[in-house]
Amino acid sequence: VVLRVAADSSVKRFHLPAPILQRIVRTFVLVKENGEWKVWDFYPSAEDLAKALASADETEIEVLLKTEPELVTEELVSALIELCINEPEGQKALRLAQLAQKIAARIDDPAGYALAGYYEAQIFRLMGELERATERLEETISWLLTEVQKRESTPAQGKLIRLQWMLFRLLQWGGLFYEGIAYNP
């Protein structure tokens, strides 16, 4: 038996003055053993949508996104990025990164947008397209820096802190990216 549960939760993060209201949607897989129901597995429901989107064409993607609006969240962007990371075929991975970025832009998830841009650069690097890789990485870092500066005076401090963290990570990963190019061309 598969069960989908949606719940609103209040999350208090140590760096924010007030809790953030967050909707989570989880899928539970239940099995009956010795007459008792047990949870076999549970995971973010957005993972199922990400898998469906990964094999869909452009028309099907729009239909799926409209059919499951409660799953079009930062978790979906993260699930698509995870699929991108684990996809061995370069063009498929690139498509997943670009889809994650498109959805992140649609739902105002700038940290997810930047992370997908970083992985897009990594995919270009792995495909041997170093010029496109460095161009994409520099565009992403520049965009993220501008986005952090724009949002510094906004009341949505949760997004700002996540953006600042993502900028730090991308700058760190960018150093590793360039080191990889320099020592493993």
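Above: the structure in question.
Residues numbered from 1 in each chain as written. Predicted model: local features only at pLDDT ≥ 70, side-chain atom pairs only at ≥ 80, totals over all residues. Heavy atoms only, no water.

Brief notes about the environment of Lys32
Counted only if it meets this: Elements are defined by DSSP. Helices are runs of H or I of four residues or more, strands are runs of E of two residues or more, and each kind is numbered from the N terminus. Burial classification: accessible surface area is computed with a 1.4 Å probe over protein chains only, and a residue below 20% of its type maximum counts as buried, one above 50% as exposed, and the rest as partly exposed.
Here Lys32 is to be found in strand S2 (residues 20–33). On the accessibility criterion, Lys32 (52% relative accessible area) is exposed. Separated by 59 residues in the primary sequence, Lys32 and Gln91 have C-alpha atoms spaced 41 Å apart.

A look at the environment of Leu137
Structurally, Leu137 is set in helix H6 (residues 130–151). A residue is classified by how much of its surface remains accessible, and Leu137, at 0% relative accessible area, is buried.

Notes on unusual backbone geometry
At Asn34, a residue that is not glycine, the phi angle is positive and equals roughly 50°. A positive phi angle, near 60°, is found at Asp108, a position not held by glycine. We classify Asp108 as partly exposed; its relative accessible area is 34%.

Notes on the sheet that holds strand S1 (residues 2–11)
This is how it is decided: Here, strands pair whenever DSSP counts at least two bridges between them. For helices, the fitted line uses only the C-alpha atoms of the stretch in contact; every axis is such a line through C-alpha atoms, and the angle between N-to-C directions lies from 0 to 180 degrees.
Spatial strand order, S1-S2-S3: three strands in an open sheet with antiparallel pairing. Because the sheet does not close on itself, it has two edges, and the strands there are S1 and strand S3 (36–44). Averaged over neighbouring strand pairs, the angle between their axes works out to 35° when direction is ignored. With eight bridges connecting them, S2 and S3 associate as antiparallel partners. When the sheet's bridge partners are listed, Leu30 is paired in S3 with Val39.

Some thoughts on the layout of surface pockets
In this approach a probe as big as a water molecule rolls over the atoms, and the regions it shows empty are the leftover space. The criterion, for reference: The rule is simple: put a 1 Å grid over the protein atoms alone, call a set of points where a 1.4 Å probe fits but cannot get out a cavity, call an open set with protein on both sides within 12 Å along at least five of seven lines a pocket, and count a residue as lining if it has an atom within 4 Å of a point. Grid points are joined across faces, edges and corners, and a volume is the space filled by probe spheres set on the points.
Reported here for the second largest pocket is a volume of approximately 160 Å³. What lines the second largest pocket is simply Cys84, Ile85, Glu87, Pro88, Glu89, Gly90, Ala93, Tyr119, Gln122, Ile123, Leu126 and Met127. For the lining of the second largest pocket, the secondary-structure elements that each account for two or more residues are helix H3 (74–86), helix H4 (90–106) and helix H5 (110–126). Per element, the largest residue contribution to the lining of the second largest pocket is four residues, and it comes from H5.

Points about the pattern of salt bridges
To keep it simple, the criterion reads: Only one rule defines a salt bridge in this text: a Lys or Arg side-chain nitrogen within 4 Å of an Asp or Glu carboxyl oxygen.
A complete count under the given rule lists 13 salt bridges for this structure. Taking the shortest distance from any N to any O, the salt bridge between Lys102 and Glu58 comes out at 3.6 Å. Here Lys102 is found in helix H4, whereas its partner Glu58 is found in helix H2 (residues 58–67), with 44 residues between them in sequence. For Lys102, a relative accessible area of 37% gives the class partly exposed. For Glu129, the salt bridge goes to Arg132, with nearest N and O atoms at 3.0 Å. Classification of Glu129 as partly exposed rests on a relative accessible area of 26%. Residue classification places Arg132 among the partly exposed positions, given a relative accessible area of 45%. One network of salt bridges, in which partners are shared, links Glu58, Glu62, Lys102 and Arg106.

Read these as spatial facts, not as claims about activity.
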